[in-house]
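# Architecture and fold: a report
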Amino acid sequence: MRYTSLVLAAAGLFAATTVSDAASVSEPGQTIGIAVATPLPDGLYFINTFNFGRRSTQPAHTDLGLNIPVLVWATPLRIFDGHFGLIVAMPNIWVSSPGTRTQGGLTDFFISGIVAWDLGGGVGVSYLLAAYLPSGTNLDAETTTINQRFAIGYTADGYNLAANLYYGTIVGPTTKNGSIYPDYLNLDLTATRHFGKWELGPVAFGSTDLPTRFSSYRSQGQVAVGGLVGYDFGPFTVQAYLTRDVIQRNYGGRDTRGWLRVVAPLYVGDAAPATPAPLRSRY
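Predicted model, so just to flag it, every value in this text is computed and none were measured. All residue numbers here refer to positions counted from 1 along the written sequence of the relevant chain. Given that this is a predicted model, residues contribute local features only at a pLDDT of at least 70 and side-chain atom pairs are listed and counted only at 80 or more, while totals for whole chains, interfaces and linings are drawn from all residues. Values reported for side chains reflect all heavy atoms of the structure, with hydrogen atoms and water molecules removed beforehand.

## Let's talk about the nonpolar core
- As used in this record, nonpolar core signifies buried Ala, Val, Leu, Ile, Met, Phe, Trp, Tyr and Cys residues forming a set joined through side-chain atoms within 4.5 Å. Think of it in three bands: with a 1.4 Å probe and only protein chains considered, a residue is buried below 20% of the maximum accessible area for its type, exposed above 50%, and partly exposed in between. Core analysis: the biggest nonpolar cluster contains 27 residues, and Tyr-45, Val-70, Val-72, Ile-87, Phe-110 and Leu-128 have the highest contact counts within it.
- By the criteria applied, helices consist of DSSP H or I runs no shorter than four residues and strands consist of E runs no shorter than two, each listed in order from the N terminus. Broken down by secondary-structure element, the contributors of at least two residues to this core are strand E2 (43–55), strand E3 (62–79), strand E4 (82–89), strand E5 (92–96), strand E7 (109–120), strand E8 (123–133) and strand E17 (255–268).
- Here this core takes 6 residues from E3, the largest share from any one element.

Structure representation (structure tokens):
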């Protein structure tokens, strides 16, 4: 679930800079389409999100692929009437540019807890507290990050309206091997509607670095928009969406990215329906 500094290192091969820029350590857009604020029925869920995109860096483009397998345990525990869940993920990343060696493998381990409250009328809110832990490979940011996420959503009348704000704080080294790791903010936005088994609608995301103490650091940010289509097969749900940067700052080019997600309940408690409503899930 980490948007490692590796992609910026590849882009940096074609853009002169005094330091390596690291950008957001959580991949922007990764929670688009998920009803992040809606409590899940107690049970165990598998969510896999794969994305691949190309950034138009000059003189050559940069390709980045990321696969994020996630296990979500919606526990019976309640905290101030909020549903408590545990989430773990071990992402894989691939990055390449023409004339360079493609690199790929495991990146940072992600572990978190989440509390989601059903406020009634289809409205929900959630709070997630997570940590990114270095994997020990050369594909992560080599530092520890605390990630907090604040979400609000509406899932009545067939709608999935969700906003998920990430706040990342570097608690490990802020510089390592020539890279600078800033704190950051990301925002994922979903505005889809279900038509029977189908789901359609616009999506967007944005990200920005927060100020650092390094005057040489070039703050990075982006805004991307796109559209999502999903289908509920019953035992599992599939979503696909396409996003394109409309604004970028110090990334060296705009990114076009395709996303594919599968959501499958592995076990759902007897008191809940066998399959949750399409993508009424969160991580």
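Anyway, onward from the coordinates.
## Considerations on unusual backbone geometry
- With an omega of 5 degrees, the peptide bond between Gln-58 and Pro-59 qualifies as cis.
- Mapped onto the elements of the fold, Pro-59 is located in the loop between E2 and E3.
- Notably, Asp-157 is not glycine yet its phi reads approximately 55 degrees, a positive angle.
- Here the phi dihedral of Asn-250 falls at roughly 65 degrees; this positive angle occurs in a residue that is not glycine.
- In this fold, Asn-250 is placed in the loop between strand E16 (237–249) and E17.
- Of the residues examined, Asn-250 reaches a relative accessible area of 30% and is grouped as partly exposed.

## Details of the pattern of salt bridges
- A pairing counts as a salt bridge when a side-chain nitrogen of Lys or Arg comes within 4 Å of a carboxyl oxygen of Asp or Glu. For the structure shown, the criterion picks out 4 salt bridges.
- One salt bridge in this structure joins Asp-42 and Arg-78, with 3.2 Å as the shortest N-O distance. In this pair, Asp-42 is assigned in the loop between strand E1 (20–21) and E2 and Arg-78 in strand E3, connecting sequence segments 36 residues apart.
- The residue Arg-55 makes a salt bridge to Asp-245 at a minimum N-O spacing of 3.0 Å. A residue pair is termed long-range when its members are at least 10 positions apart, and Arg-55 in strand E2 and Asp-245 in strand E16 qualify at 190 residues.
- Judged by relative accessible area, which is 4%, Arg-55 ranks as buried.

## Things to note about the side chain of Gln-222
- As for its placement among the helices and strands, Gln-222 is situated in strand E15 (residues 221–232).
- A distance of 3.0 Å separates a polar atom in the side chain of Gln-222 from a polar atom in the side chain of Asp-245. Counted as a polar contact is a pair of N or O atoms within 3.5 Å, where, for protein atoms, one must be capable of donating a hydrogen and the other of accepting one, and residues adjacent in sequence contribute only when both atoms are in side chains.

## Comments concerning the pairing of E7
- Pairing of E4 with E7 involves 7 bridges; the strand directions are antiparallel. Counted as the bridge partner of Val-88 is Ile-111 from E7.
- Strand pairing follows a simple DSSP-based rule, namely that at least 2 bridges must link the two strands. One ladder, built from 11 bridges, connects E7 with E8; its direction is antiparallel. Residue pairing across strands places Phe-110 opposite Tyr-132, the latter belonging to E8.
- Between the antiparallel neighbours E7 and E8 lie 2 residues, among them Gly-121 with a positive phi of about 70 degrees.

## Observations regarding the side chain of Glu-199
- In this structure, Glu-199 sits in strand E14 (residues 198–209).
- The charge count includes Lys and Arg as positive and Asp and Glu as negative, but it does not include His or the ends of the chains. One buried charged side chain, Glu-199, makes no salt bridge at all; its nearest oppositely charged neighbour is Arg-261, positioned 7.5 Å away.
- A distance of 3.0 Å separates polar atoms of two side chains, one belonging to Glu-199 and the other to Gln-239.

## Overview of a nonpolar patch on the surface
- Patches were defined on residues exceeding 30% relative accessible area and lacking a salt bridge, with like-charge contacts within 9 Å and nonpolar side-chain contacts (Val, Leu, Ile, Met, Phe, Trp, Tyr) within 5 Å. Using a 1.4 Å probe, the Shrake-Rupley method yields the accessible areas, and only the shown protein chains count as cover for residues. A grouping of Leu-44, Leu-71, Trp-73, Leu-86, Val-88, Ile-111, Leu-133, Leu-266 and Tyr-267 is seen on the molecular surface, where their side chains present a nonpolar patch of about 770 Å² in accessible area.
- Of all the secondary structure elements, the ones that give two or more residues to the nonpolar patch are E3, E4 and E17.
- Within the fold, Leu-133 resides in strand E8.
- Its relative accessible area of 33% is what places Leu-133 among the partly exposed residues.

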